[in-house]
Amino acid sequence: MVIRRMANEIPNWLAGKIAKIREAVAETGEVAAEGGKQATRAFVATRGTVKSGKQGRIDTGKMLDRVDGKSERITEDETRAEFGWYDGKNGPEWFQEFGFNHRNGSVVEGMYA
């Protein structure tokens, strides 16, 4: 009797555990997206260039403001986290990110945020 009752409870117990794991996956995606966003913003604020002599790369604040992060639940078992500049607008941050040769002949180092 006891064994039969336990056997009936196991599927419910297991389903509860799986639900908790799925929720943890979604929460981890949210934490990763926010953490990546904050780290990228910190890199923009602190990774200047030798040429400029500045601590970071903030003149207008636009590049810093465009850093974003998002988490998307793909399926019950899969979550995708993204952060950085991914809005489809290729602004000046793409040049700053990877570095480039300026038309005046100078080289702008990448910040690799």
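Residues numbered from 1 in each chain as written. Predicted model: local features only at pLDDT ≥ 70, side-chain atom pairs only at ≥ 80, totals over all residues. Heavy atoms only, no water.

This part takes up the packing of aromatic side chains. Under the criterion given, the structure shown has zero aromatic pairs. A cation sits over an aromatic face here: Arg-47 above Phe-43, 3.8 Å from the ring centre. (Phe/Tyr/Trp six-rings, centres within 6.5 Å; stacked < 30°, edge-to-face > 60°. Lys NZ or Arg CZ within 6 Å of the ring centre and 35° of its normal.)

Turning to a nonpolar patch on the surface, a few remarks are in order. Taken together, the side chains of Ile-10, Trp-13, Leu-14 and Ile-18 present a nonpolar region at the surface, about 400 Å² in accessible area. Topologically, Ile-18 is positioned in helix H1 (residues 2-46). (Patch = residues over 30% accessible without salt bridge, like charges linked within 9 Å, V, L, I, M, F, W, Y side chains within 5 Å. Areas by Shrake-Rupley, 256 points an atom, 1.4 Å probe, with all protein chains shown as cover. Salt bridge = Lys/Arg side-chain N within 4 Å of Asp/Glu carboxyl O. Helix = DSSP H or I, 4+ residues; strand = E, 2+ residues; numbered from the N terminus.)

Under the criterion given, the structure shown has five salt bridges. In this structure, the salt-bridge partner of Asp-68 is Lys-37, at a minimum N-O distance of 4.0 Å. With Asp-68 in strand E1 (residues 68-75) and Lys-37 in helix H1, the pair connects residues that are 31 residues apart, well separated along the chain. Salt-bridge contacts for Lys-70 lead to Glu-82; the nearest nitrogen and oxygen are separated by 3.8 Å. On the criterion of sequence distance, the pair formed by Lys-70 in strand E1 and Glu-82 in strand E2 (residues 78-84) is long-range, its members being twelve residues apart.

For the rest of this paragraph, the subject is the side chain of Ser-106. Relative to the assigned elements, Ser-106 resides in the loop between strand E3 (100-101) and strand E4 (107-108). Engagement of the side chain of Ser-106 in a polar contact is seen with the side chain of Asn-104, the distance being 2.7 Å. The residues touching Ser-106, leaving out its near neighbours within four places in the chain, are Lys-51, Phe-100 and Asn-101. (Polar contact = N/O pair within 3.5 Å; in protein donor to acceptor, adjacent residues only side chain to side chain. Contact = heavy atoms within 4.5 Å.)

Within the element layout of this structure, Glu-97 appears in helix H3 (residues 92-98). Put simply, Glu-97 is tucked away with no salt bridge, and the nearest opposite charge, on Arg-47, sits 6.9 Å away. (Buried < 20%, exposed > 50% of the residue type's maximum accessible area, 1.4 Å probe, protein only. Lys, Arg positive; Asp, Glu negative; His and termini not counted.)

Another point: the confidence of the model for the protein. Residue-level pLDDT values for the protein average 84, and 92% of them are 70 or greater. Confidence, read as mean pLDDT per element, is least for H3 in the protein (77) and greatest for E1 (93). (pLDDT = per-residue confidence, 0-100.)

Of note, Trp-13 is situated in helix H1. The class of Trp-13 is exposed, set by a relative accessible area of 55%. Spatially, the C-alpha atoms of Trp-13 and Asp-68 are 38 Å apart, while their sequence positions differ by 55 residues.

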